[in-house]
Amino acid sequence: MRITQVTLPVRSLDTVAAWWRPLGFPTIQGPDRVSVDVGHTRVHHEPDPALIGTHHLAMTIPTGTFDAAVAWIADRAPVLSRDGITVFEGPDGWDSRSVYFDGPDGQVLEFIERRVLPAEHVGPFTADSVVGVSEVGVVVEDVVATAQRLADVGVAPYAAPPTAGFGAVGDVDGLLVLVAPGRPWLPTTDRIAADSSVTIDVGLPQPVAFGADKVLR
């Protein structure tokens, strides 16, 4: 499930553009949208000054580049920790490890190395090394029911069945991380997931609405 586009609201377009551009990600700023190319994914940010909470995106990095990616981002953004830990193994069945860092507008961003993917990267780590966005965090009222709704159109649970508070659906290339309202994004305890509109493009034959303002297409 390759995520080609994500559209989400942010409080400040200027803040978003000023964060991404210096890192070397192609950034296009217009009066009503900031678009950033993150590997094979274009992330569209649209203004919503009343947004409450924060977003979470994870970006796949090439297998074998984890240490270089951590060093690269640590020079450019604060790395997030919990109890002094900055490197996190993925849930059972994911065969991954992650580092989390501060993004614009309070976002919790993540580099994730998925070990099942082939190691093909050559050269130093740069913004161009990032493969693409492979996780989008989404707040839903009923995680289990939403996961079943998506499974019915072929987007199956990943690695484990969903619980009342958390469920991942999709595959190693692209996941929706479904969470219940009020949940903070790992590794923080205070950055509460934004219950906002979001549109994720993965090439489905027909768009699927799951919630009043959330669409997978």
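Before any of the text, the structure's been laid out above.
Report on the accompanying structure. Owing to the predicted nature of the structure, the values given are computational and were not obtained by experimental measurement. Within each chain, residues carry numbers counting from 1 in the order of the written sequence. Given that the model is predicted, a residue must reach a pLDDT of at least 70 before its local features are reported, and side-chain atom pairs must reach 80 or more before they are shown or counted; all residues, however, enter totals for whole chains, interfaces and linings. Values reported for side chains reflect all heavy atoms of the structure, with hydrogen atoms and water molecules removed beforehand.

Some points on the packing of aromatic side chains
Stacked, tilted and edge-to-face are the three classes applied to pairs of Phe, Tyr and Trp rings, where Trp contributes its six-membered ring and a pair requires centres within 6.5 Å; stacked means planes under 30 degrees apart, edge-to-face means over 60, and tilted covers the rest. Counted according to the given criterion, the structure contains 10 aromatic pairs. An angle of 80 degrees between the planes, with centres 6.5 Å apart, marks the rings of phenylalanine 25 and tryptophan 72 as edge-to-face. A residue pair is termed long-range when its members are at least 10 positions apart, and phenylalanine 25 in the loop between helix 1 (13-20) and strand 2 (27-29) and tryptophan 72 in helix 2 (residues 66-74) qualify at 47 residues. Each member of the pair, phenylalanine 25 together with tryptophan 72, is buried. In this structure an aromatic cluster arises from ring pairing among Trp19, Trp20, Phe25, Trp72, Phe101, Phe111 and Phe125. Secondary structure elements are defined from DSSP: runs of H or I of at least 4 residues count as helices, runs of E of at least 2 residues count as strands, and each element is numbered from the N terminus. Whether a residue is buried, partly exposed or exposed follows from its accessible area with a 1.4 Å probe, protein chains only, as a fraction of its type maximum: under 20%, in between, or over 50%, in that order.

Notes on the environment of glutamate 46
Mapped onto the secondary structure, glutamate 46 falls in strand 4 (residues 41-47). On the basis of relative accessibility, which here comes to 30%, the residue glutamate 46 falls in the partly exposed class. On a C-alpha basis, the gap between glutamate 46 and aspartate 32 in space is 6.2 Å, while along the polypeptide they are 14 residues apart. Each residue touching glutamate 46, except ones within four places of it in the same chain, is listed here: Thr7, Leu8, Pro9, Val10, Leu13, Asp32 and Arg33. What qualifies as a polar contact is a pair of N or O atoms within 3.5 Å, subject to a donor-acceptor requirement within protein and to the restriction that residues adjacent in sequence count only when both atoms come from side chains. Here arginine 33 takes part through its side chain, which lies 2.5 Å from a polar atom of the side chain of glutamate 46. Throughout, a residue-residue contact means that at least one pair of heavy atoms, one from each residue, lies within 4.5 Å.

A look at the environment of glycine 93
In this structure, glycine 93 sits in the loop between strand 6 (88-89) and strand 7 (96-102). For the pair glycine 93 and alanine 160, spaced 67 residues apart in sequence, the C-alpha separation works out to 7.5 Å. Apart from residues no more than four positions distant in its own chain, glycine 93 is found in contact with Tyr158 and Ala159.

Structural notes on the sheet that holds strand 11 (residues 174-179)
What makes two strands pair is DSSP finding at least two bridges between them. If you trace the 7 strands from one edge of the open sheet to the other, you get 6-7-8-5-9-11-10, paired in mixed fashion. Each having just a single partner strand, strand 6 and strand 10 (166-171) make up the two edges of the open sheet. As paired elements, strand 5 (residues 56-61) and strand 8 (residues 108-114) share 6 bridges and run parallel to each other. Residue pairing in the sheet places leucine 57 in a bridge with leucine 109 of strand 8. In this description, a line fitted to the C-alpha atoms serves as the axis of each element, helices being fitted only across the stretch in contact, and the angle between N-to-C directions of two axes falls anywhere from 0 to 180 degrees. The sheet strands contacting helix 2 are strand 5, strand 7 and strand 8, and the helix crosses strand 7 at an angle near 5 degrees.

Description of the side chain of threonine 27
Assignment of secondary structure puts threonine 27 in strand 2. Classification of threonine 27 by relative accessible area gives buried; the value is 16%.

Concerning helix 2
Looking at helix 2, one finds that the buried residues are Phe66, Ala69, Trp72 and Ile73. Relative to the axis of helix 2, the buried residues are bounded by an arc of 125 degrees and lie together on one face. Contacts made by the buried residues of helix 2 are with strand 5, strand 7 and strand 8. Arc definition: it is the arc formed by the directions from the helix axis to the C-beta atoms.

A few points about the pairing of strand 4
Consecutive side chains along a regular strand alternate between the two faces of the sheet. Bridge count between strand 1 (residues 5-10) and strand 4: 6 bridges; the pairing is parallel. Within the sheet, the bridge partner assigned to valine 6 lies in strand 4 and is valine 43. Pairing between strand 3 (residues 34-38) and strand 4: 5 bridges, direction antiparallel. Pairing of valine 38 across the sheet is with threonine 41, part of strand 4. Linkage of strand 3 to strand 4, two consecutive antiparallel strands, is achieved through a turn of 2 residues, within which glycine 39 is found at a positive phi near 60 degrees.

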